[in-house]
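If you want the building blocks of each chain, they are given just below.
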Amino acid sequence: DLNADGILSLSLEQTVLTALSRNRDLQVAQLTPVETGAFELIERGAFDPEIFAEASIGNEESIEVARSTGDQFPVDADTSSIEAGISASTPTGTELELAVTQERDISNRSPEQQTARAGLTITQSLLRGLRPSVNLAAVRQAELETDASLYELRGFVEALVAETETAYWRYALAKRRIDIFERSLEVARKQSNEIDQRIEFGDLAPAEAAARSEVALREQGLIDARASLEAERLRLLRLVDAPLSVQDVLTTGLDEISQELPPDLDDTSSRIELALRARPELNEARLRLEQNRLE
């Protein structure tokens, strides 16, 4: 929140947490593992049991001729059937189907007939589609895609945190540079005034008045430092996505309240070992290789 002077005070921790909670690209990236997880469920669905049912009703009206007498007589028949069952595919390449069927025939020329039967069908692949390693390849690829998307999201978060921390300290450095340039400009102006006084009293020749160019150089350096500070301020405001109006973005100042700098990196060998083991882009690349092997 802004204080009465229009200054937004942020610690390093507040800046990082705000960037993580308000970054819109991160909000979109968080949906990718959900999407890939849905495809994983679709691939697993190929082995889910399926329930099926079918019913039919028929009516037949016809005229038949008796072979012995040649007389014609009407025939009215009704038929009905119903079938229900469950089928499933297993990772071993086995197809299972259990079905129950009932049929009923009613006719004015014959007694009612009913038939019921139950059957279990087992079909085993012998060549193509044999073994779980083959049938589960698509499922395993989908699982790897989900894991890879999680590593991709983790890498995005780490990059965002690193960019935010870097922007925070670059802004702090830009403010310190302005202090340095202001002091150096003050010193250069003081020296220039002293030289002008010595020239006035005849202690120095006018040719030795090069201090004025030094003042101009320090003034130019101060202008560049202020421009750099403004660029870093806008960059930091963009990362934290502060809910400010356009006018507030142009006028709001930032006050970094964290003073402790990050520690120096001395044990580089252990950090390199940790990076090779834990870097998300490396782990994602390993999963992509496994996906290609399965393909």
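First, a word on what this report is: a plain description of the structure on this page. (Residues numbered from 1 in each chain as written. Predicted model: local features only at pLDDT ≥ 70, side-chain atom pairs only at ≥ 80, totals over all residues. Heavy atoms only, no water.)

### A look at a negative patch on the surface
Taken together, the side chains of E60, E61, E64, D76 and D78 present a region of like negative charge at the surface. When contributions to the negative patch are tallied by element, the ones reaching two or more residues are β2 (50–65) and β3 (72–89). Take the negative patch: its biggest share by element is 3 residues, from β2. Mapped onto the secondary structure, E61 falls in strand β2. (Patch = residues over 30% accessible without salt bridge, like charges linked within 9 Å, V, L, I, M, F, W, Y side chains within 5 Å. Areas by Shrake-Rupley, 256 points an atom, 1.4 Å probe, with all protein chains shown as cover. Salt bridge = Lys/Arg side-chain N within 4 Å of Asp/Glu carboxyl O. Lys, Arg positive; Asp, Glu negative; His and termini not counted. Charge placed at Lys NZ, Arg CZ, Asp CG, Glu CD. Helix = DSSP H or I, 4+ residues; strand = E, 2+ residues; numbered from the N terminus.)

### Examining the packing of helix α8 (residues 268–278) against helix α9 (residues 280–294)
It is the contact of α8 with α9, at a shortest axis distance of 6 Å, that shows an interaxial angle of 40 degrees. Taken as axis vectors, α8 and α9 run oblique relative to one another. Contacts between α8 and α9 pair A275, L276, R277 and A278 from the former with P280, L282, N283 and R286 from the latter. Grouping the amino acids of the contact of α8 with α9 by side-chain chemistry returns 5 nonpolar, 1 polar and 2 charged. (Axes fitted to C-alpha atoms, helices over the stretch in contact; angles between N-to-C directions. Parallel < 35°, antiparallel > 145°, perpendicular 65-115°, else oblique. Contact = heavy atoms within 4.5 Å. Nonpolar A, V, L, I, M, F, W, Y, C, P; charged D, E, K, R; others polar.)

### Observations regarding unusual backbone geometry
Negative phi values dominate among residues other than glycine, just as trans dominates among peptide bonds. A positive phi is found at R131, a non-glycine position, where the angle reads about 85 degrees. Mapped onto the fold, R131 is located in the loop between β5 (110–124) and α4 (132–135). Judged by relative accessible area, which is 47%, R131 ranks as partly exposed. (Buried < 20%, exposed > 50% of the residue type's maximum accessible area, 1.4 Å probe, protein only.)

### Quick look at helix α3 (residues 31–44)
In a regular helix each residue adds 1.5 Å, so 14 residues correspond to 20 Å; α3 covers 20 Å between its end C-alpha atoms and thus fits that length. Where α3 is buried, its residues touch α2 (24–29) and α5 (137–200). (Expected span 1.5 Å × (residues − 1).)

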